[in-house]
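Take a look at the letters that make up each chain.
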Amino acid sequence: MYSENEILGDYCDKEKIIFITTEDFEYVLPAFLSAFPLHYPIEQQNFDHCFDNNFDNKTCERLLIQWLNARLVYADWITVEGTL
């Protein structure tokens, strides 16, 4: 995953890219699938498992909040693991 905007375009570098393995992505995929169809920045009806999927800022924020809130129903905290 990486960030873009209309003015700067793809302004990612290696420090700003997040790579999630296929096995781990299965945990967050349902949240991304729930956002479809997408209307901005590109009209898209379904998640493309082989190419780019562009989620606008508000959609990303909503998905992250929903994902976190679903876990905080039964969890007292969220651990972000650093695995080098």
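Computed from a prediction, not measured in an experiment: that's the story for all the values here.

Topic: the overall build of the protein
- If you tally the helices and strands in the protein, you get two helices and two strands.
- N-terminal to C-terminal, the α/β element order of the protein is β-β-α-α.
- Here the protein, with 84 residues, has 19% of them falling under the buried criterion.
- When the accessible area of the protein is evaluated, it comes to approximately 7,300 Å², of which 58% is carbon and sulfur surface.

Here's the deal with helix α1 (residues 22-33)
- Of the positions making up α1, those classed as buried are Phe25, Val28, Leu29, Ala31 and Phe32. For α1, the buried positions fall inside an angular range of 165° around the axis, keeping them on one side. Away from the buried face of α1 by more than 90 degrees, exposed residues Glu23, Tyr27 and Pro30 are located.
- At its buried positions, α1 is contacted by α2 (57-72).

Quick look at the environment of Leu29
- Within the fold, Leu29 resides in helix α1.
- Beyond its immediate stretch of four places on either side in the chain, Leu29 contacts Phe47 and His49.

With respect to a nonpolar patch on the surface
- Taken together, the side chains of Leu72, Ile78 and Val80 make up a nonpolar region of the molecular surface, amounting to roughly 280 Å² of accessible area.
- As for its position among the elements, Leu72 is in helix α2.

A closer look at unusual backbone geometry
- The amide bond that connects Phe36 to the next residue, Pro37, takes the cis arrangement and shows omega of 5°.
- Tracing the chain through its elements places Pro37 in the loop between α1 and α2.

Comments concerning the side chain of Asp56
- Structurally, Asp56 can be placed in the loop between α1 and α2.
- Despite its burial, Asp56 pairs with no opposite charge; the closest candidate is Arg62, at 7.3 Å N-O.
- Here the side chain of Asp56 touches Lys58 through a polar contact of 3.0 Å, landing on its backbone nitrogen.
- At 2.9 Å, the side chain of Asp56 forms a polar contact with the side chain of Thr59.
- Excluding its chain neighbours within four sequence positions, the residues that come into contact with Asp56 are Tyr40 and Pro41.

Definitions and limits used
Residues numbered from 1 in each chain as written. Predicted model: local features only at pLDDT ≥ 70, side-chain atom pairs only at ≥ 80, totals over all residues. Heavy atoms only, no water. Helix = DSSP H or I, 4+ residues; strand = E, 2+ residues; numbered from the N terminus. Buried < 20%, exposed > 50% of the residue type's maximum accessible area, 1.4 Å probe, protein only. Areas by Shrake-Rupley, 256 points an atom, 1.4 Å probe, with all protein chains shown as cover. Arc of directions from axis to C-beta. Contact = heavy atoms within 4.5 Å. Patch = residues over 30% accessible without salt bridge, like charges linked within 9 Å, V, L, I, M, F, W, Y side chains within 5 Å. Salt bridge = Lys/Arg side-chain N within 4 Å of Asp/Glu carboxyl O. Lys, Arg positive; Asp, Glu negative; His and termini not counted. Polar contact = N/O pair within 3.5 Å; in protein donor to acceptor, adjacent residues only side chain to side chain.

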